[in-house]
Amino acid sequence: MSNSSPNADSLASTQQIIEQLGYIQIDTISVVERAHHHTLWTRNPTYQAQHLEQLLEKKQIFEYWSHAAAYLPMCDYRFSLWRKQAFLNGHLAHWYERDNKLIDEVLTRIRTEGPLMAKDFDRNEKAADWQSKPSKRALEYLFMQGDLMIPCRKNFHKVYDLTERVLPANLDTRPPSEQEYLDYLILHYLKAQGLAQATDFGHLIKGIKAKLKPAIKRLLAEGQLIELKINEQTWFSTPEQLKLLNLPSRTQLKILSPFDNLVIQRERLHRLFDFDYQIECYVPEAKRKYGYFVLPILWQGELVARVDCKAERKERCLVINRVWTEAKLEQPDEFWSDLTVELQKFAQFNRCDKISGYLQSATLR
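As the structure is a computational prediction, the values presented were derived from the model and not from experiment. (Residues numbered from 1 in each chain as written. Predicted model: local features only at pLDDT ≥ 70, side-chain atom pairs only at ≥ 80, totals over all residues. Heavy atoms only, no water.)

Colleague: How should helix 4 (residues 77-88) be read in this particular structure?
Modeller: Here helix 4 spans 17 Å end to end across 12 residues, near enough to the 16 Å set by a 1.5 Å rise per residue. With nine of 12 residues buried, helix 4 lies mostly within the body of the structure. Every buried residue of helix 4 is accounted for by Tyr77, Arg78, Phe79, Ser80, Leu81, Arg83, Lys84, Ala86 and Phe87. If you follow the buried residues of helix 4, they end up packed against strand 2 (61-65), strand 3 (69-73), helix 6 (134-144), strand 4 (148-154), helix 7 (163-166) and helix 8 (178-193). Remark: glycine 90 follows helix 4 within two positions and exhibits a positive phi of approximately 85°. (Helix = DSSP H or I, 4+ residues; strand = E, 2+ residues; numbered from the N terminus. Expected span 1.5 Å × (residues − 1). Buried < 20%, exposed > 50% of the residue type's maximum accessible area, 1.4 Å probe, protein only. Contact = heavy atoms within 4.5 Å.)

Below, the structure written as C-alpha cells:
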C-alpha cells in the first residue's frame, strides 16, 4: 500500500509531465486559465496551480527560455547553458542594448542584498516609449546569460537571485558538447511529440538547422532514430515512441491551450493534422476569422474543432461564444456529448460554476 498522499502523487505527476514535454510555456493572457496551468491540467486532471510554485521551491523545475518564456525540468538544466553561453559570448544578440555599467550595478545589489524584483530598483527610472526601464533590461540580460535565475514569482512578478544560490547541490552543470546538445534537441523532441520532420527540430533556435542534418543521419545509422513515410512525406521517430504510436488511441476529448506543446508549432500542426490554426488575439478584430482566443479541440486522436470561450470570473460563468467543427468530424453526436462533459470540467478548472452562450446553458453540480 502506498504511503504517498493524493496531493503528492498529483505533484509527482505534474513533474513527470514537465520532464516528458521538456518545457511548459508561460503566458500572461488570462481569457481562460493561463497557458502554463491549462497545458498541465489537460494532461493531469488533478493538477493544482500551486504545483508550479512547489516544484520551483523543491528545485525540480526552473524558469528560462525555450522558444518563449517557459518552465523547464531541472534535470535538463545543463542544456540551457548552450543558449546562455551564446548570449554571454555575443553569438546571440539580446533584444536590448547592453549597458555593462548598469548590469554590474544590478548584479552587485543582488549579490549584496539578496533576491530582488525589478520594482526594487530605482523607481525614478523612465522607460523610453514602449521599452522596459533600464534596470529591468539589465535584469533580463543577466537572466538570459545565466548569472541570475528566478527562484519564485510574487503576484506573477519575477524575483531574481544569483544562479549559484538557486541551483540545487550536486546538479550537473557541465556545458554540453555540440553533439550532446544536438542529440538532446532531436531525441527529447521525439520523447515529447512522438513524430517529427527534420524542420521541426531546433524550433526557433538560430544557427542550428545546418548542424542538425548530420546529427539526424548519425542517429539513424546508430538506430536511435527511425525514418517513416507518412502521406509521402519523411518523418522521424524512435523505436520507443513508435511502439507507443502504434497502440490504439485512447485520447479523450481535450480542450487545448493555444500555447500547448502539441499545437505551438503551427506548420507542423497543419502537416500532421491538416488543421489550420492561428491565435487571433494579435490580429485586428475586423480581420479575425474565429475569435479573440480560440482553443483547439482534440478528440479521438484528431483535431476536429475549436471553441471561442471566456471565463467571466466575477459571474463565475464560462461563456461559450461559438464552436466550429472541421469537415472531417465523424460521429458528431458522440463528439457533442463528449464536448458537453469536458466543458463542464473545463468550467470547474476555470473556477466557474455555470456555462452560458452558444451551447445550452447549464448549471454545474
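Colleague: When you look at the packing of helix 1 (residues 6-21) against helix 3 (residues 50-57) in this model, what are you seeing that I'm missing?
Modeller: Axes are the key here: two packed helices are described by the angle between their axes and the distance separating the axes. At a minimum axis distance of 10 Å, the contact between helix 1 and helix 3 shows a crossing angle of 80°. Regarding the angle of helix 1 to helix 3, the classification is roughly perpendicular. The residues of helix 3 that touch helix 1, namely those facing Asn7, Ser10, Leu11, Thr14, Gln15 and Ile18, are His51, Leu52, Gln54 and Leu55. (Axes fitted to C-alpha atoms, helices over the stretch in contact; angles between N-to-C directions. Parallel < 35°, antiparallel > 145°, perpendicular 65-115°, else oblique.)

Colleague: Could you clarify how one ought to interpret helix 11 (residues 266-273) in this entry?
Modeller: Spacing of three or four residues puts side chains on the same side of an α-helix, whose turn is 3.6 residues. Inspection of helix 11 places Arg268, Leu269 and Phe273 among the buried residues, and these make up the whole buried set. Buried residues of helix 11, seen end-on, are gathered within an arc of 105° and therefore sit on one face of the element. Next to the buried residues of helix 11 lie helix 8, strand 7 (233-237) and strand 10 (302-312). A positive backbone phi angle near 55° is found at aspartate 274, which sits one or two residues after helix 11. (Arc of directions from axis to C-beta.)

Colleague: What is the right way to look at the nonpolar core in this model?
Modeller: Note on soluble globular proteins: their nonpolar side chains tend to be buried together. Ranked by size, the top nonpolar core spans 86 residues in total, and within it Ile110, Phe293, Leu318, Phe335 and Phe346 carry the most contacts. Residues contacting isoleucine 110, with those up to four places away along its chain left out, are Leu116, Phe121, Leu139, Leu148, Tyr160, Asp161, Leu162 and Arg165. (Core = buried A, V, L, I, M, F, W, Y, C linked by side-chain atoms within 4.5 Å.)

Colleague: Which parts of the structure should I look at to understand the sheet that holds strand 1 (residues 24-25)?
Modeller: The strands making up a sheet are joined through hydrogen bonds of the backbone, oriented either antiparallel or parallel. Taken in spatial order, the three strands of this open sheet run 1-3-2, and their pairing is antiparallel. Strand pairing shows two members of the sheet lacking a second neighbour, strand 1 and strand 2, which therefore form its edges. Summarising the sheet, strand 2 and strand 3 pair through five bridges and their orientation is antiparallel. When the sheet's bridge partners are listed, tyrosine 64 is paired in strand 3 with alanine 70. Against the sheet, helix 1 touches strand 1, strand 2 and strand 3, its axis set at about 105° to strand 3. (Pairing = 2+ DSSP bridges.)

Colleague: Sorry, what's going on with the environment of glutamine 15 here?
Modeller: Along the polypeptide, glutamine 15 turns up in helix 1. Expressed as a C-alpha distance, the spacing of glutamine 15 and histidine 51, which sit 36 residues apart in the sequence, is 8.5 Å. Among all residues touching glutamine 15, those that are not within four sequence positions of it are Leu55 and Gln60.

Colleague: I tried to follow the packing of aromatic side chains on my own but got confused; where do I start?
Modeller: To describe a pair of aromatic rings, you give the distance between the ring centres and the angle between the ring planes. Applying the stated criterion across every chain, the model contains 14 aromatic pairs. For the pair tryptophan 299 and phenylalanine 335, a centre-to-centre distance of 5.5 Å together with 75° between the ring planes defines the contact as edge-to-face. Within this pair, whereas tryptophan 299 is found in strand 9 (residues 294-299), its partner phenylalanine 335 is found in helix 12 (residues 332-349), the two being separated by 36 residues in sequence. When sorted by exposure, tryptophan 299 lands in the same class as phenylalanine 335, which is buried. Lying across the ring of phenylalanine 121, arginine 109 places its NZ or CZ 4.7 Å from the centre. The aromatic ring of phenylalanine 156 is capped on one face by arginine 153, whose charged end is 4.5 Å from the ring centroid. (Phe/Tyr/Trp six-rings, centres within 6.5 Å; stacked < 30°, edge-to-face > 60°. Lys NZ or Arg CZ within 6 Å of the ring centre and 35° of its normal.)

Colleague: Hey, could you run me through the pairing of strand 5 (residues 157-162) in this one?
Modeller: The side chains of a regular strand alternate between both faces of the sheet. Note that strand 4 and strand 5 share five bridges and pair antiparallel. Pairing of cysteine 152 across the sheet is with valine 159, part of strand 5. Once strand 4 ends, the chain turns through two residues before running back antiparallel as strand 5, passing asparagine 155 with a positive phi of about 55°.

Colleague: Can you help me understand unusual backbone geometry in this one?
Modeller: Comment: phi is negative for the bulk of residues other than glycine, and the bulk of peptide bonds are trans. Phi is positive for phenylalanine 156, which is not a glycine, with a value near 70°. Along the chain, phenylalanine 156 falls in the loop between strand 4 and strand 5. Looking at phenylalanine 156, the relative accessible area reads 24%, which means it is partly exposed. With phi around 55°, glutamine 331 is a residue other than glycine that occupies positive phi space. Take glutamine 331: it is sitting in the loop between strand 11 (317-325) and helix 12.

The values are spatial; any link to function lies outside them.
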